Amino acid sequence: MQQRFSQQMKKGALDMLVLKLLEHEEKYGYQLISELRERTNDTVTLKEGTLYPILYRLEDGNLVESRMGDKAGREPARKYYAITEQGRIALREMFEIWSEFDRCVQAIMEGTGSE
């Protein structure tokens, strides 16, 4: 049951986290998965089957754009994703909403909210 609750809570933040990882440079899918795992100390781990629908949704919303990289030797060409200006605006908005939600949850859990 704990895993189910954990997955549900993380699901709401994944778009925001992916945009944040793309904030300073373009990345390809496996790079995003690895960096997310590393930066969260394995708390947030994604499988390709979870990441790519997120990227496609963000791309459909014009929050990220993609390009095919050049083929390097025997390695296949990689698809790189970059945040757009619209994505930067959305990231700021998402983080504001997330921060306010976090404050509300903390207030209730710590018993300091209005009663």
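Rules used throughout
- Residues numbered from 1 in each chain as written.
- Predicted model: local features only at pLDDT ≥ 70, side-chain atom pairs only at ≥ 80, totals over all residues.
- Heavy atoms only, no water.
- Helix = DSSP H or I, 4+ residues; strand = E, 2+ residues; numbered from the N terminus.
- Buried < 20%, exposed > 50% of the residue type's maximum accessible area, 1.4 Å probe, protein only.
- Areas by Shrake-Rupley, 256 points an atom, 1.4 Å probe, with all protein chains shown as cover.
- Lys, Arg positive; Asp, Glu negative; His and termini not counted.
- Charge placed at Lys NZ, Arg CZ, Asp CG, Glu CD.
- 1 Å grid on protein atoms, 1.4 Å probe; cavity = no way out; pocket = protein on both sides within 12 Å on 5 of 7 lines; lining within 4 Å.
- Points joined across faces, edges and corners; volume = space filled by probe spheres on them.
- Core = buried A, V, L, I, M, F, W, Y, C linked by side-chain atoms within 4.5 Å.
- Contact = heavy atoms within 4.5 Å.
- Phe/Tyr/Trp six-rings, centres within 6.5 Å; stacked < 30°, edge-to-face > 60°.
- Lys NZ or Arg CZ within 6 Å of the ring centre and 35° of its normal.
- Axes fitted to C-alpha atoms, helices over the stretch in contact; angles between N-to-C directions.
- Parallel < 35°, antiparallel > 145°, perpendicular 65-115°, else oblique.
- Nonpolar A, V, L, I, M, F, W, Y, C, P; charged D, E, K, R; others polar.
- Salt bridge = Lys/Arg side-chain N within 4 Å of Asp/Glu carboxyl O.

Take the overall build of the protein chain next. Counting secondary structure elements, the protein chain contains 5 helices and 3 strands. Along the protein chain, helices and strands appear, N-terminal first, in the series α-α-β-α-α-β-β-α. With the principal axes as the frame, the protein chain shows a C-alpha extent of 65 × 35 × 20 Å. Here the protein chain holds 115 residues, and the buried ones make up 30% of them. Counting only carbon and sulfur atoms, one obtains 51% of the accessible surface of the protein chain, whose full area is about 8500 Å². A gap of 6 Å separates the mean positions of the 17 positive and 20 negative side-chain charges of the protein chain.

To find leftover empty space, one rolls a probe the size of a water molecule over the atoms. Computed from the structure, the largest pocket encloses a volume of approximately 360 Å³. The leading source of residues in the lining of the largest pocket is helix α1 (residues 2-11), at 6 residues.

In terms of nonpolar packing, the biggest core is built from 22 residues, with V18, L19, L22, L32, L51 and L58 touching the most fellow members. Within the residue set of this core, elements represented by two or more residues are α2 (14-21), α3 (29-39), α4 (48-60), β3 (79-83) and α5 (85-109). The residues contacting L19, other than those within four sequence positions of it, are L58, L63, V64, I83, G87, L91 and M94.

Time to look at unusual backbone geometry. For D42, which is not a glycine, the phi torsion comes out positive at approximately 65 degrees. In this structure, D42 sits in the loop between α3 and α4. Here the phi dihedral of N62 falls at roughly 60 degrees; this positive angle occurs in a residue that is not glycine. Counting through the fold element by element, N62 comes out in the loop between α4 and β2 (64-68).

A separate point is the packing of aromatic side chains. Two descriptors summarise a pair of aromatic rings, namely the distance from one centre to the other and the angle between the planes of the rings. This model, assessed by the stated rule, comprises 3 aromatic pairs. One cation-aromatic arrangement involves R78 over Y28; the distance from NZ or CZ to the ring centre is 4.1 Å.

It is worth spelling out the packing of α2 against α4 at this point. Interhelical geometry of α2 versus α4 gives an angle of 80 degrees and a closest axis separation of 10 Å. Put simply, α2 runs roughly perpendicular to α4. Here L14, D15, V18 and L19 of α2 come into contact with α4, specifically with T50, L51, I54, L55, R57 and L58. Counted by class, the contact of α2 with α4 contains 7 nonpolar, 1 polar and 2 charged residues.

Further remarks concern the pattern of salt bridges. On inspection of all chains with the given rule, the structure shows 9 salt bridges. Residues E23 and K20 are paired through a salt bridge, measuring 2.5 Å at the closest nitrogen-oxygen approach. With a relative accessible area of 40%, K20 lands in the partly exposed category. For K27, the salt bridge is made with E25, and the minimal N-O distance between the two is 3.6 Å. Overall, K27 belongs to the buried group, its relative accessible area being 3%. Overall, E25 belongs to the partly exposed group, its relative accessible area being 47%. Beyond isolated ion pairs, a larger network of salt bridges with shared partners links E25, K27, E35 and R39.

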